[in-house]
Amino acid sequence: GQFPGYHVERLVPLSVTPLASPRLLAGRTLAPADLRELTLIHDDIGKLFDGRAFWDLWLEAAGMAKLRLRHGVHFSHTVLALEAAVEGVGIVATLPELARPQLDDGRLVAPFGLRVELPYAYFLVAREEALARASVQTFLAWLRGQAADAR
């Protein structure tokens with residue numbers, strides 16, 4: 001978010017939490033230790049954030065770092081990991097901000113209350129002179145609305 005000489009707005013702060021298909025959970029309430037019995041989906045994009053896997057970040061925040069869960073399947077892109085979770089392959093630790101459509105329509109649920117806030121976000125960055133144009137203002141209004149829906 002540091003862009004000297006530009007207008008900068010923090011649009012969508014990012015966090016990590018496990019997400020799963022309601023079919024996979026079959027109405028049961030999970031505890032973090034139950035993750036041992038489920039197929040973990042690893043969203044490897046997490047390693048781009050400080051080199052740490054999303055599962056490791058979440059388990060540490062949940063006080064379960066000792067679980068050191070490594071089993072499951074790996075995907076190199078969040079969209080693929082989300083689709084696998086929707087299909088019931090397993091449970092994924094990922095960015096719920098990118099799963100807003102699947103969460104809103106009930107294809108995914110967050111079985112734990114814990115969301116780990118990341119020091120990262122999506123930002124709007126624009127030259128000040130561009131902000132004066134009507135077309136840019138229209139686009140920014142739409143973009144801000146989309147960002148608000150993603151939170």
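The structure we're discussing is the one just above.
What counts and what doesn't
- Residues numbered from 1 in each chain as written.
- Predicted model: local features only at pLDDT ≥ 70, side-chain atom pairs only at ≥ 80, totals over all residues.
- Heavy atoms only, no water.
- Pairing = 2+ DSSP bridges.
- Helix = DSSP H or I, 4+ residues; strand = E, 2+ residues; numbered from the N terminus.
- Buried < 20%, exposed > 50% of the residue type's maximum accessible area, 1.4 Å probe, protein only.
- Contact = heavy atoms within 4.5 Å.
- Salt bridge = Lys/Arg side-chain N within 4 Å of Asp/Glu carboxyl O.

A. View of the pairing of strand β1 (residues 6-19). Where β1 meets strand β5 (residues 116-127), nine bridges bridge the pair, whose relative direction is antiparallel. Opposite Glu9, over in β5, you have Leu124 as the bridge partner. Pairing analysis gives three bridges linking β1 to strand β4 (residues 91-94), with the strands arranged antiparallel. In the sheet register, Leu19 faces β4, and the bridge partner there is Val92.

B. Region of interest: the side chain of Arg100. The topology assignment puts Arg100 in helix α4 (residues 100-104). Relative accessible area serves as the criterion here: at 17%, Arg100 is assigned to the buried category. In contact with Arg100, other than residues within four places in its own chain, are Arg115, Asp149, Ala150 and Arg151.

C. Local environment of the pattern of salt bridges. This model, assessed by the stated rule, comprises six salt bridges. Among the ionic pairs, Glu129 bridges to Arg127, the shortest N-O distance being 3.2 Å. Taking relative accessible area as the criterion, Glu129 reaches 54% and is therefore assigned exposed. Relative accessible area serves as the criterion here: at 43%, Arg127 is assigned to the partly exposed category.

D. Molecular detail of helix α3 (residues 78-86). Burial in α3 covers these residues: Thr78, Ala81, Leu82, Ala84, Ala85 and Val86. Of the surrounding elements, those touching the buried residues of α3 are β1, α1 (22-25), β2 (40-43), β3 (73-75), β4 and α4.

E. Quick look at the environment of Pro96. Take Pro96: it is sitting in the loop between β4 and α4. With 53 residues separating them in the primary sequence, Pro96 and Asp149 have C-alpha atoms 12 Å apart.

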